[in-house]
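# Chains, contacts and geometry: an overview
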Amino acid sequence: MSEKQGKHIAIYGKGGIGKSTTTSNISAALAEAGYRVIQVGCDPKSDSTTILRGGNDLPTVLDTLREQSKVRLEDISAVGFGGVLCIEAGGPVPGVGCAGRGINAAVELLQDLKVFEEYKPDFVLYDVLGDVVCGGFAVPIRDGIADRAFVVTSSDFMAVFAANNLFKAINKYAPSGGARLGGVIANSIQASYSKALIHDFAEESGVPVIGYVPRSITVAQSELYGKTVIEALPESEQAEVYRKLARYIDENNDSVIPKPLNGPELKKWARKWGDRIFEVETGVVQKMEAI
Amino acid sequence: MSYHIDGSRNSCALHGALQLIEAIEGAVPVIHSNAGCGLQHYLGVNRLGPGTDPYGGPPVSSSNITEKHVVFGGSSRLREQLKNTVKVVEGELYFIVSGCSTEMVGDDIPAMTKEGLDQSFPVVYANTPGFRGAVHQGYELAAKALIEQLPSLSKDKPEQAENLVNIWGIIPHQDPFWAGNLEELGRLLEGIGLRPNLLVGYGHGPEDWRCVPDAVLNIVVSVWGEAPARLLEERYGTPFLVVEGLPVGPAAGRLLRAVTDLLGLDASRTERFVEAEEKRLDRQLSGLADTFYRAGFQREFALVGESSQVVGLGEFLTRSLGLLPRTLIVTDNPTDEARSVIKERLAALVEDWDAEVFFSEDHAEISDLVVSGGATLVLGSALEGKAAETLGVPFLPVSFPLADRVVIDRGYAGYRGVAALLEDLGSAILARPHQ
């Protein structure tokens with residue numbers, strides 16, 4: 001691969017946690033600040049960039065690759081809000097083929113097409129499907145692709161579990177030149193204990209939380225309009241939350257190698273929080289930091 | 001600790017399956033894998049063996065999948081390949097075997113097989129990715145697939161043969177003398193009134209495989225024949241007899257007597273037959289006696305090969321011919337359980353004489369063991385030629401791969417095999433008479 005253009009950031013997280021919404025809003029905020037941004041959706045669902053481009057159709061890289069032997073950048077990309085170049089890797093029909101290999105093939109194609117050299121982005125954001133389900137989905141964090149990874153999580157245990165798995169993958173690849181972890185983005189913060197729970201998990205894993213995104217009706221509303229919050233409700237508080245995240249990613253280059261919890265540690269940690277939440281909900285009064 | 005294997009003689013499961021299928025007359029293999037799997041088999045096995053079977057070699061039918069099929073699934077490519085194969089090659093049976101990539105992706109091969117069957121093509125399949133094991137596991141997988149799938153393929157059952165006996169465990173080409181060995185075992189079983197079902201080789205096709213459930217006994221002559229024999233016992237209650245080693249010389253007589261006992265055959269007929277064979281063998285051996293002593297046949301030997309060969313040939317060379325085992329190397333990676341049985345058999349070859357038994361498939365390690373063992377005669381594959389050269393001793397290539405001898409129907413099994421073995425061994429010793 002020739003000299004890398006711009007900062008390459010991979011954003012991971014459990015399916016349905018709000019990864020694509022968060023990523024798209026960060027892309028929009030970066031674009032709004034005047035940066036050239038590419039967002040690559042690495043998910044067979046291929047809906048990562050929908051709210052950046054008003055819900056219009058965009059042929060995926062893999063679908064195009066299947067139909068035609070020669071693929072041009074204009075066949076597989078669309079320009080969305082603020083000039084963000086939107087690309088969807090796509091994948092096979094559920095139940096057949098290998099989506100992991102698909103991600104691999106799509107990323108390789110983008111490199112072959114010299115997308116980054118030609119478009120000269122300041123930022124490339126890879127929005128990657130949930131868990132690191134196999135080697136293919138770890139491609140963006142391997143040597144030479146993304147510099148930093150961020151993980152989006154809510155306070156649901158399964159989201160934390162997926163985040164912990166991602167930490168394991170980073171822990172494996174980072175020493176040999178793969179991406180390091182930029183931090184955790186806490187999403188859908190609503191319950192009283194959410195912030196403290198994610199904060200505690202991040203501290204246990206030795207990683208920073210770079211922002212807390214509250215659950216907000218503005219997000220749902222904007223999505224229904226097929227837009228990011230930045231575009232639909234630029235004056236809202238929520239838009240400012242995303243701008244703050246974007247500024248962090250822009251201005252801060254810190255990264256760490258996380259210390260994932262092993263099976264028994266994670267189980268113990270979860271039990272501890274199970275007890276605390278029960279006590280909060282049932283009104284047991286005792287000293288509890290951060291809650 | 002991990003280590004690398006230098007020059008393994010054990011190819012992958014897909015190749016083991018192909019070796020079995022190609023040796024079934026009228027069976028057409030259809031490989032569902034990326035390009036190169038079939039060719040690798042040709043380069044590694046067919047070209048080193050006696051030649052190419054009718055539907056093997058470079059023109060073998062293969063779906064040759066590419067990245068597109070890995071990402072989106074390759075089942076439709078297989079469907080197309082099967083359709084084309086049926087048009088181009090007239091076979092009695094089409095056998096789909098899969099490689100690593102298509103198995104990783106999870107292509108639905110049973111569904112494609114069913115589609116073929118729905119169109120009245122005789123199709124079976126086996127999942128044989130290389131990562132499932134070596135050539136031996138491939139043989140087991142393909143044999144089990146045939147046992148499981150053939151009965152439902154056709155409603156017209158072939159006429160039931162009486163006293164049918166199947167022979168398992170001889171893997172075509174992995175035993176370079178497979179055809180000759182099977183023919184001889186068949187001749188011996190016929191001699192005691194049985195109908196042998198050799199399953200592979202000239203004149204043996206899918207019809208013979210359809211008769212497999214009718215057999216009264218399954219004879220297993222290597223550890224690799226146990227899996228199909230056990231399956232048949234489970235399905236049809238057919239008993240099986242395991243002999244672990246290739247029966248050479250008197251071991252063949254013991255096998256015939258054991259079969260006679262087990263099936264309650266006419267014992268006097270068996271005795272008459274075995275005696276006649278033994279008499280012939282004695283005559284051959286006594287005719288060789290003079291040369292045996294003059295040329296110094298009685299040597300300490302190194303023997304490298306598959307477990308059935310090491311046990312079978314080893315027993316004959318020591319017990320019947322009076323040679324002494326120096327280094328015995330088993331190359332086919334038998335299970336731990338089988339290893340202890342094999343070790344026991346080999347340790348008891350000569351009383352008060354400890355033969356060193358090793359299990360290895362590493363060319364460098366095997367060569368070192370042969371050289372450091374200091375044998376005065378080496379029997380092994382072509383890969384051991386150099387070690388024999390280093391030792392400056394006679395060398396007879398007997399196991400896979402053979403590089404410089406052609407084998408068509410020569411075999412070392414049974415009584416007739418003894419003559420062939422003595423001819424080859426004697427010639428090798430006479431060609432290098434002085435140590």
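All figures in this text were calculated on a predicted structure; none of them were measured in a lab. Per chain, residues are indexed from 1 in the order of the written sequence. A letter from A marks each chain and a number from 1 marks each ligand, given out in the order of writing. Local features in a predicted model are, by the rule used here, given only for residues with pLDDT of at least 70; side-chain atom pairs are given and counted only at 80 or more, and totals for whole chains, interfaces and linings are based on all residues. Each side-chain value is derived from all of the structure's non-hydrogen atoms; neither hydrogens nor water enter the calculation.

## What to know about the overall build of chain A
In this description a helix means any DSSP run of H or I spanning at least four residues, a strand means any run of E spanning at least two, and both kinds are numbered starting from the N terminus. On a plain count of helices and strands, chain A comes out with 11 helices and 8 strands. Computed over its C-alpha atoms, the radius of gyration of chain A comes to 19 Å, within 12% of the 19 Å expected for a compact globule of 291 residues. For chain A, the C-alpha atoms occupy an extent of roughly 65 × 40 × 40 Å along the three principal directions. For every residue, the accessible area (1.4 Å probe, protein chains only) is compared with the maximum for its type, and the residue is labelled buried under 20%, exposed over 50%, or partly exposed between those bounds. When the 291 residues of chain A are sorted by exposure, 52% land in the buried category. The contact criterion used throughout is that any non-hydrogen atoms of two residues lie within 4.5 Å. Across chain A, the fraction of contacts at a sequence separation of at least 24, relative to all contacts at a separation of at least 6, is 78%. Summed over its atoms, the accessible surface of chain A is roughly 12,900 Å², and 51% of this surface lies on carbon and sulfur atoms. Charged-residue counts in this description rest on Lys and Arg as positive and Asp and Glu as negative, His and the chain ends being excluded. Here the site of a charge means NZ on Lys, CZ on Arg, CG on Asp, or CD on Glu. For chain A, the centre of its 31 positive side-chain charges and the centre of its 36 negative side-chain charges are spaced 4 Å apart. Only C-alpha atoms enter the radius of gyration; for comparison, a globular chain is expected to reach 2.2 Å times N to the power 0.38, where N is the number of residues. Surface accessibility follows the Shrake-Rupley procedure with a 1.4 Å probe radius. Residue values consider only the protein chains on display as shielding.

## Structural notes on the sheet that holds strand 7 (residues 217–220) of chain B
All names here are of chain B. We treat two strands as partners when DSSP finds at least two bridges between them. With parallel pairing, the 4 strands of this open sheet are ordered in space as 6-5-7-8. Among the strands making up the open sheet, the edge pair consists of strand 6 (195–197) and strand 8 (240–242). Between one strand and the next, the sheet's axes are offset by a mean angle of 25°, whatever the strand orientation. Bridge count between strand 5 (residues 164–168) and strand 7: 4 bridges; the pairing is parallel. Its bridge partner lying in strand 7, isoleucine 167 is registered against isoleucine 219. Fitting a line to C-alpha atoms yields each axis, with helices limited to the stretch in contact; the angle taken between N-to-C directions then spans 0 to 180 degrees. Packed onto the sheet, helix 11 (residues 250–263) meets strand 7 and strand 8 and runs at close to 155° relative to strand 7.

## A few points about a negative patch on the surface
Each patch is assembled from residues with relative accessible area greater than 30% and no salt bridge, linking like charges that lie within 9 Å and nonpolar side chains (Val, Leu, Ile, Met, Phe, Trp, Tyr) that lie within 5 Å. Every case where a carboxyl oxygen of Asp or Glu lies within 4 Å of a side-chain nitrogen of Lys or Arg is listed as a salt bridge. Together, Glu351, Asp352, Asp354 and Glu356 of chain B line one region of the surface with negative charge. Positionally, aspartate 354 of chain B belongs in the loop between helix 14 (336–347) and strand 11 (356–359).

## Digging into helix 2 (residues 37–46) of chain B
Residue and element names in this part refer to chain B. Every buried residue belonging to helix 2 is among Cys37, Gly38, His41, Tyr42, Val45 and Asn46, and all of these are buried. One face of helix 2 carries all of its buried residues, which in axial projection span an arc of 145°. On its buried side, helix 2 packs onto helix 1 (13–22) and strand 1 (27–32). Here the arc refers to the directions that run from the helix axis out to each C-beta atom.

## Details of the interface of chain A and chain B
At the interface, 11 residues of chain A touch 7 residues of chain B. The quantity reported as buried area is the accessible area (1.4 Å probe) lost by two parts once they are put together, taken as the sum for both. A buried area of about 790 Å², summed over both sides, lies between chain A and chain B, and 64% of it is on carbon and sulfur atoms. Its largest share of buried area at the contact with chain B, chain A owes to Arg66, Gly97 and Arg101 of chain A, together 52% of the area lost on that side. Here chain A and chain B share 1 salt bridge between them. As a salt-bridge pair, glutamate 67 of chain B and arginine 101 of chain A come within 2.4 Å of each other at their nearest N and O atoms. We define a polar contact as two N or O atoms separated by no more than 3.5 Å, with the added condition that, inside protein, one atom must be a possible hydrogen donor and the other a possible acceptor, whereas residues neighbouring each other in sequence contribute only through side-chain atom pairs. At the junction of chain A with chain B, the criterion picks out 3 residue pairs in polar contact (both at pLDDT 80 or more). Of all the secondary structure elements, the ones that give two or more residues to the side of chain A that touches chain B are helix 2 (61–67) and helix 4 (99–112) of chain A. Residue polarity follows a fixed list, in which Ala, Val, Leu, Ile, Met, Phe, Trp, Tyr, Cys and Pro are nonpolar, Asp, Glu, Lys and Arg are charged, and the others, Gly among them, are polar. Of the residues assigned to the side of chain A that touches chain B, the class counts are 5 nonpolar, 3 polar and 3 charged.

## Brief notes about the packing of aromatic side chains
In this description, an aromatic ring pair is defined by two values, namely the gap between the centres and the angle between the planes. Pairing of aromatic rings covers Phe, Tyr and the six-membered ring of Trp, with a centre-to-centre limit of 6.5 Å; geometry is then stacked below 30 degrees between planes, edge-to-face above 60, and tilted otherwise. Under the criterion given, the structure shown has 9 aromatic pairs over all chains. For the ring pair phenylalanine 167 of chain A and phenylalanine 201 of chain A, a centre distance of 5.6 Å and an interplane angle of 10° mean the geometry is stacked. Taken together, the residues span a long stretch of sequence, with phenylalanine 167 of chain A in helix 6 (residues 157–173) and phenylalanine 201 of chain A in helix 7 (residues 194–205) at a distance of 34 residues. Comparing phenylalanine 167 of chain A with phenylalanine 201 of chain A, the two get one shared label, buried. Relative to phenylalanine 297 of chain B, the ring of phenylalanine 292 of chain B has its centre 5.5 Å away and its plane inclined at 55°; by these criteria the two rings are tilted. For phenylalanine 292 of chain B, a relative accessible area of 10% puts it in the buried group.

## Looking at the pairing of strand 2 (residues 37–42) of chain A
The two faces of the sheet receive side chains in turn, since in a regular strand these alternate between them. Residues and elements named next belong to chain A. Counting buried residues in strand 2 gives 6 out of 6 residues, a clear majority hidden from the surface. Where burial is concerned, the two faces of strand 2 agree: the one with Val37, Gln39 and Gly41 and the one with Ile38, Val40 and Cys42 are both buried. Looking at chain direction, strand 2 and strand 4 (residues 85–88) are connected through 4 bridges and run parallel. In the sheet register, glutamine 39 faces strand 4, and the bridge partner there is cysteine 86.

## Some points on the pattern of salt bridges
Under the criterion given, the structure shown has 31 salt bridges over all chains. Its salt-bridge partner being arginine 77 of chain B, residue glutamate 80 of chain B comes within 2.9 Å of it at the nearest N-O pair. Placement of the pair is glutamate 80 of chain B and arginine 77 of chain B together in helix 4 (residues 75–88), with a separation of 3 residues, close to one helical turn. When its relative accessible area of 43% is taken as the criterion, glutamate 80 of chain B is described as partly exposed. Note that glutamate 315 of chain B is salt-bridged to arginine 345 of chain B, the shortest N-O span being 3.0 Å. Highlighted residues: glutamate 315 of chain B in helix 13 (residues 307–320) and arginine 345 of chain B in helix 14, separated in sequence by 30 residues. Salt bridges linked by common partners bring Glu32, Glu240, Arg243 and Arg247 of chain A together as one network.

## Description of the packing of helix 4 of chain B against helix 6 (residues 109–118) of chain B
Residue and element names in this part refer to chain B. In the contact formed by helix 4 and helix 6, the axes pass within 10 Å of each other and the chain directions differ by 30°. The angle between helix 4 and helix 6 falls in the class roughly parallel. Of the two elements, helix 4 crosses helix 6, and the hand of that crossing is right-handed. Taken together, the residues of helix 6 that come into contact with helix 4 (itself represented by Ser75, Leu78, Arg79 and Leu82) are Ile109, Met112, Glu115 and Gly116. Among the residues forming the contact of helix 4 with helix 6, the class breakdown is 4 nonpolar, 2 polar and 2 charged. For classification, angles of less than 35 degrees are called roughly parallel, those exceeding 145 degrees roughly antiparallel, those between 65 and 115 degrees roughly perpendicular, and all remaining angles oblique. Crossings are classed by handedness, with left-handed meaning an anticlockwise turn of the near helix from the far one by less than a right angle and right-handed meaning a clockwise turn.

## Points about the domain arrangement of chain B
Residue and element names in this part refer to chain B. Each assigned domain of chain B is listed with its residue range as follows: domain 1 (13–152), domain 2 (164–269) and domain 3 (296–430). For domain 2 and domain 3, the distance between their C-alpha centroids amounts to 24 Å. Both sides together, the interface formed by domain 2 and domain 3 hides about 2,300 Å², and carbon and sulfur atoms give 63% of it. In this structure, the connection of domain 2 to domain 3 is made through 2 salt bridges. For the domains described, the bounds stem from an automatic or database domain assignment.

## Some points on the sheet that holds strand 7 (residues 180–189) of chain A
Residues and elements named next belong to chain A. Spatial strand order, 3-4-2-5-1-6-7-8: 8 strands in an open sheet with mixed pairing. Each edge of the open sheet is held by one strand with a lone partner, namely strand 3 (77–79) and strand 8 (209–214). Averaged over neighbouring strand pairs, the angle between their axes works out to 20° when direction is ignored.

## Here's the deal with the environment of cysteine 42 of chain A
All names here are of chain A. Checked against the element boundaries, cysteine 42 lands in strand 2. Sequence spacing of cysteine 42 and glycine 102 is 60 residues, and the spatial spacing of their C-alpha atoms is 9.1 Å. Once residues within four sequence positions are removed from consideration, cysteine 42 is found in contact with Ala89, Ile103, Tyr126, Asp127, Val128, Leu129, Phe137 and Pro140.

## Side note on the environment of valine 61 of chain A
Summarising the element assignment, valine 61 of chain A is placed in helix 2. Considered as a pair, valine 61 of chain A and leucine 110 of chain A are 49 residues apart in the sequence and their alpha carbons are 8.7 Å apart.

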